[in-house]
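Working through the structure, step by step
Residues per chain, in single letters:
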Amino acid sequence: MGLDQTDIKRMISCAADRMAEKTGYLGDIDSHFGDGDHGLTIGRIAALMKERAAAWDEGDIAGFLDDLGTGIMEIRGGSAGPLYGTMVAGLGADLGENETDLDTEAVRRMFSGCLSEMKDLTTARVGDKTMMDALIPAVEAARTAQGGAGQIFEAAAEAAEAGAESTKNFVSKFGRARNYGDRTIGTPDAGAVSTALFFRGLSDGARSAK
Amino acid sequence: MGLDQTDIKRMISCAADRMAEKTGYLGDIDSHFGDGDHGLTIGRIAALMKERAAAWDEGDIAGFLDDLGTGIMEIRGGSAGPLYGTMVAGLGADLGENETDLDTEAVRRMFSGCLSEMKDLTTARVGDKTMMDALIPAVEAARTAQGGAGQIFEAAAEAAEAGAESTKNFVSKFGRARNYGDRTIGTPDAGAVSTALFFRGLSDGARSAK
Amino acid sequence: MKMKKFINAPENLTDELLDGLALAHSDLIERGDENMIINKKLADADRVTIVTQGGAGHEPAISGFVGDGMVDISVVGDIFAAPGPQACLDAIKLADKGRGVLYIVLNHAGDMLTGNLTMKQVKKQGLDVIKVVTQEDIANASRSNAEDRRGLVGCIPTYKIAGAAAAEGKSLEEVAEIARRFADNMATLAVAVRGATHPSTGALLSDLGEDEMEIGMGQHGEEGGGRQPLKTADETAEIMVKALVNDIGIKPGEKVMLIINGSGATTLMEQLLVYRAAVRILKEMDIEVVANYVGELLTVQETAGFQMFLARMDDELLRLWDAPCETPYMKK
Amino acid sequence: MKMKKFINAPENLTDELLDGLALAHSDLIERGDENMIINKKLADADRVTIVTQGGAGHEPAISGFVGDGMVDISVVGDIFAAPGPQACLDAIKLADKGRGVLYIVLNHAGDMLTGNLTMKQVKKQGLDVIKVVTQEDIANASRSNAEDRRGLVGCIPTYKIAGAAAAEGKSLEEVAEIARRFADNMATLAVAVRGATHPSTGALLSDLGEDEMEIGMGQHGEEGGGRQPLKTADETAEIMVKALVNDIGIKPGEKVMLIINGSGATTLMEQLLVYRAAVRILKEMDIEVVANYVGELLTVQETAGFQMFLARMDDELLRLWDAPCETPYMKK
Ligand SMILES: Nc1ncnc2c1ncn2[C@@H]1O[C@H](COP(=O)(O)OP(=O)(O)O)[C@@H](O)[C@H]1O
Ligand SMILES: Nc1ncnc2c1ncn2[C@@H]1O[C@H](COP(=O)(O)OP(=O)(O)O)[C@@H](O)[C@H]1O
Ligand SMILES: [Mg+2]
Ligand SMILES: [Mg+2]
Ligand SMILES: [Mg+2]
Ligand SMILES: [Mg+2]
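Anyway, here's the lowdown on the structure attached to this text. (Residues numbered from 1 in each chain as written. Chains lettered and ligands numbered in written order. Predicted model: local features only at pLDDT ≥ 70, side-chain atom pairs only at ≥ 80, totals over all residues. Heavy atoms only, no water.)

Helices and strands together make up the secondary structure of chain C, namely 8 helices and 16 strands. With the C-alpha coordinates aligned to their principal axes, the bounding extent of chain C is approximately 50 × 50 × 35 Å. Relative to its full complement of 332 residues, chain C shows a buried share of 67%. Of the roughly 10,000 Å² of accessible surface on chain C, a fraction of 47% belongs to carbon and sulfur atoms. (Helix = DSSP H or I, 4+ residues; strand = E, 2+ residues; numbered from the N terminus. Buried < 20%, exposed > 50% of the residue type's maximum accessible area, 1.4 Å probe, protein only. Areas by Shrake-Rupley, 256 points an atom, 1.4 Å probe, with all protein chains shown as cover.)

Here we come to the interface of chain D and chain B. The partner chain B presents 23 residues to the 31 residues of chain D that form the contact. Summed over both sides, the interface of chain D with chain B buries roughly 2,300 Å², with 53% coming from carbon and sulfur. Our count for the contact surface shared by chain D and chain B stands at 3 salt bridges. Across the pair D78 of chain D and R44 of chain B runs a salt bridge whose closest N-O atoms are separated by 2.4 Å. The tally of links between chain D and chain B comes to 6 residue pairs in polar contact (both at pLDDT 80 or more). For the side of chain D that touches chain B, the secondary structure elements donating two or more residues are strand 4 (73-79), helix 2 (85-95) and helix 3 (109-124) of chain D. No other element matches the 6 residues that helix 3 of chain D contributes to the side of chain D that touches chain B. Its residues assigned to classes, the side of chain D that touches chain B comprises 12 nonpolar, 12 polar and 7 charged. (Contact = heavy atoms within 4.5 Å. Buried area = accessible area lost by both parts, 1.4 Å probe. Salt bridge = Lys/Arg side-chain N within 4 Å of Asp/Glu carboxyl O. Polar contact = N/O pair within 3.5 Å; in protein donor to acceptor, adjacent residues only side chain to side chain. Nonpolar A, V, L, I, M, F, W, Y, C, P; charged D, E, K, R; others polar.)

Residues and elements named next belong to chain C. As for its position among the elements, M269 is in helix 7 (residues 268-284). Using a relative accessible area of 0% as the deciding quantity, one classes M269 as buried. As a C-alpha pair, M269 and A109 span 160 residues in sequence and 33 Å in three-dimensional space.

Our focus in this paragraph is the coordination of the magnesium ion (ligand 6). All names here are of chain B. Taken together, the protein donors to the magnesium ion (ligand 6) comprise D35 (OD) and D37 (OD), at separations of 2.0 to 2.3 Å. Separating the magnesium ion (ligand 6) from the magnesium ion (ligand 4) is a gap of 3.5 Å, which D35 spans by donating to each of them. Side by side, D35 and D37 carry an identical accessibility label, which is buried. (Donors = N, O, S within 2.8 Å, 3.2 Å for Na, K, Ca; no water.)

Here we come to the site of ligand 1. Around ligand 1 there are 20 residues in total, and D35, D37, H38, T122 and D189 of chain A lie nearest to it. Neighbouring residues of ligand 1 are not confined to a single chain but are spread across chains A and C. Residue D37 of chain A places a side-chain N or O atom 2.9 Å away from an oxygen atom belonging to ligand 1. For the shell around ligand 1, the elements supplying multiple residues, two or more each, are helix 5 (80-93) and helix 9 (190-207) of chain A. (Near = heavy atom within 4 Å.)

Right, let's talk about the sheet that holds strand 3 (residues 49-56) of chain D for a bit. Residues and elements named next belong to chain D. The mixed open sheet is built from 6 strands, whose spatial order is 1-2-4-3-5-6. Each edge of the open sheet carries a strand with a single partner, namely strand 1 (29-32) and strand 6 (129-134). Adjacent strand axes in the sheet meet at a mean angle of 25°, parallel and antiparallel pairs treated alike. In the sheet, strand 2 (residues 36-39) pairs with strand 4 via 3 bridges, with the strands oriented antiparallel. (Pairing = 2+ DSSP bridges. Axes fitted to C-alpha atoms, helices over the stretch in contact; angles between N-to-C directions.)

Residues and elements named next belong to chain C. Burial of the side chains of strand 2 (residues 36-39) extends over both faces: M36 and I38 are buried on one face and I37 and N39 on the other. Summarising the sheet, strand 1 (residues 29-32) and strand 2 pair through 4 bridges and their orientation is antiparallel. Paired with G32 across the strands is M36, a residue of strand 2. Taken together, strand 1 and the strand that follows it, strand 2, pair antiparallel across an intervening segment of 3 residues, in which E34 is found at a positive phi of about 50°.

Attention shifts here to the environment of T86 of chain A. As for its position among the elements, T86 of chain A is in helix 5. Sequence-wise, T86 of chain A and M118 of chain A are 32 residues apart; in three dimensions their C-alpha atoms are separated by 6.4 Å. When residues no more than four places from it in sequence are discounted, the contact partners of T86 of chain A are M73, E117, M118 and L121 of chain A together with L117 of chain C.

Residues three or four positions apart in an α-helix share a direction because the helix packs 3.6 residues into each turn. Between its first and last C-alpha, helix 3 (residues 38-55) of chain A extends 26 Å over 18 residues, near the 26 Å set by a 1.5 Å rise per residue. Buried residues along helix 3 of chain A sit in contact with helix 1 (5-21), helix 2 (23-33), helix 4 (61-73), helix 5 and helix 9 of chain A. (Expected span 1.5 Å × (residues − 1).)

Here the focus is the pairing of strand 14 (residues 304-313) of chain D. Residues and elements named next belong to chain D. Among the 10 residues of strand 14, 9 are classified as buried, and the element is accordingly described as predominantly covered. Pairing geometry for strand 7 (residues 186-194) and strand 14, over 8 bridges, is antiparallel. Its bridge partner lying in strand 14, L189 is registered against M308. Examined bridge by bridge, strand 12 (residues 255-262) and strand 14 share 8 bridges and lie antiparallel to one another. Bridged to I260 within strand 14 is M308.

The analysis is restricted to geometry; functional conclusions fall outside its scope.
Shown next as structure tokens:
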């Protein structure tokens, strides 16, 4: 019922696939009220995730996520670099150094650790039209979801998707898009959409873990 | 049968009118293979001619033309400034300092003086698609025309017009348009057209002199 | 508008441009690891040093101002994108000559995130670093909401003044105090008349009507709200000067620095016309221009428009602005 | 393309921009009568002096290079239009400090006419003046037809080198010899990807297709014949470097000056990419770049494109290029 290194490896790789498939769309959304490079950056992040996951053959999960997060931060991708780097490293922040088999409780710690790292980095919260609109509901869902790791990640993915969808109704409060105010209503936030893809991929990868 | 100060004054003023009326068209032609400013420059030259003619109440004809030519050169009009300045001053170049009444022979000297000054300034000749395509035939016509000053200027104007028209068939050899080579065929030369207008105006002004 | 640029592979753009910069100015700067541009004289520096960071695509900013008397290391991200915190931390360590490091960050989303993550590590490792943020765009937030103000061209004179203070041997606290004093008394307003294309994605950065201009446009085409019909140089200068004077609260009798910074496609000819008008308007308000720059310092690709920058000056700031410096694109 | 520029009345454009220039750089230059920009230190000069002339609209050229070590007086006409001979004669007389005047003229129709008329008067009045014409555009005439070659950005390094020779106290003949030696061994090729508008008339200067570039375009949008699909920075650099090396006849082992001069809307980023490629290609030919400039020296309004300039260098020319100068837009 828990997650081991092979599962995490598959989940990260799956998340990378989901993100990589949609870079065109992400660039498009970002070009409305941003500078249009979110797809580009997510593409690079996904490539790094894929590469690191494939190359990962030893070492603990927390260490892998921390290294991957650090690597993502150095991707030179504007806001998304530090944000994704922190989010990915955050998933391992509350895991112990030698935890190699993650039970349900440990999986919940992945989410809570991730959120607290992200809250440290940004003051954006639900309704501000950022990645946090996907992340916060995902963490909330993971906290209360019943079942094993697969169900927890599925609940998180669904919540993230709903959160991303909800950003259509919000006015941008952070990032470049902020300057467009009310006109951002109707368009979803690029970062929230990519975050939902990230969690969708993690869930897809976790499903076969059971 | 000769030309006096009043006649020259009226002729210069008339020439200025003919030129000023067509600045839009001149700019247009120049914009095809030049930088589109010939109308602008001719407009300034015409304004100066008009102003100087109106202000002229004493002094000899040669001196007036020389001053006017010098003034035109300082108009900051690219090629047309030195060219028109030399052409106008050239009309007085072979006149004596105290010639105030110009007989037929003196009128012919106006043309020959003008041509020799222009030939000193530029090596362009008939067929090179420049002002010289209007000026050289005008001078030639003036040399052989029968009758008084009015008829001489009329012959010159007609020859200048025919010369300007003929530039449509030529390939540019001078000025900015030169770089367009064969493509200049079909469009008349801006400077030749304005030169024809200049001589047309002089003739219009001379007609009432008889 | 289609992208028409002389580039090679978009993914190598930043790398190649930094290569070109270092090659063209090999007497002054060199490339370090991780997209760093380093002052060649840094090795001999026994003083406070200056580190900054930011995206590429704004040339000559910011790496064109690395050199003696300005920036010691600039850490470059990618086009319009911040570098990561590890690269910045490495740069700070490399720059530190035992007298401390002033770390200047422009207020943009990605840069601020990286800046904060870098400072976390700086503190963890006990390094002697003070971070100063430039945030002087008056278009989209009031002075009391400074955290919402973008960093525009104001970083460049801030580098110059901080760099000169460091060169005089001042302590890190003193250099930081001077940089903050200058930055707290500066303001920028941008105007754009035609957008540009993102050199990696080809996407159009902003999109203005045939007769429109926009006052308050951000550095990457972000809107600022002031869309209006195109005005003359004099009229535009008047609107902008008044807004800037008002924002800083400059009083008659005071002295200022005035910068007209071309954004890319606006000619120096136009910039000079705007400068002339701005000086006249300031004079009418009894405000004297004692320092200036007219030209391209921080561009936004081929955007047509300019940034007008104003700062309150005192004798010390003026002395530091006039002090010698030797960088690829500013020499004094 | 509609004209979108910050100007006031078109008829005051040149006057206002020279005003702005003199105002922004009042420590270095001043305005004289008849659109002259004068080196403020001219009064104290006891040496050969340098006078030049040309149209406005190419800023920073040419008046932005007036100052110690470069040009003493520039006589400006109107936008893209030469001044008159009387103004040039006045400038020459004003500049003459008894050691003679070097009079530098770019090969353009109007400038040449004015230059010839000026020299007529110079001779009549027995002044000690040598005229040097810069004519280095290889696009539309062969080296043996130099009179048909336009003067492009090459005038700027010629000013620099002549100015430094004059500052060393050389005689007029020597300064002229050096300027000619440099000018005879230089070549420029321009490329454009997007035209500009004439700031007085609004007329479009050249007109290129969405995917076209043109190698060999003149300074005012005149065609050069080399229309072709847009190429990469590396490919474009290769075509241009080879044409220039070939034209001058530079041999392996020789040293050169390389300038990438932005025409207006082409970013410094792109210029640096092209520079990088050009240096690499030259290196492959065993040709060493010993002097360079990358940036906007002579623009054509907001034209997108650049001019690549190459010149054969020797030790004396290099020393003169590196010598100090202090002008608004070039400081060494
Ligand atoms: N301060 C912030 N807090 C949370 N998310 C942010 C913040 N700033 C930006 N974002 C997210 O980053 C996304 C933009 O990412 P990206 O386009 O890659 O970076 P950039 O804006 O630097 O070009 C936004 O859509 C938003 O979700
Ligand atoms: N060397 C020359 N000899 C004779 N005429 C010339 C010469 N150069 C240019 N022209 C004339 O000048 C005209 C262009 O004038 P204008 O547009 O006012 O000047 P510019 O070419 O400097 O913009 C051409 O149409 C041609 O008739
Ligand atoms: Mg973006
Ligand atoms: Mg013309
Ligand atoms: Mg970005
Ligand atoms: Mg012209």
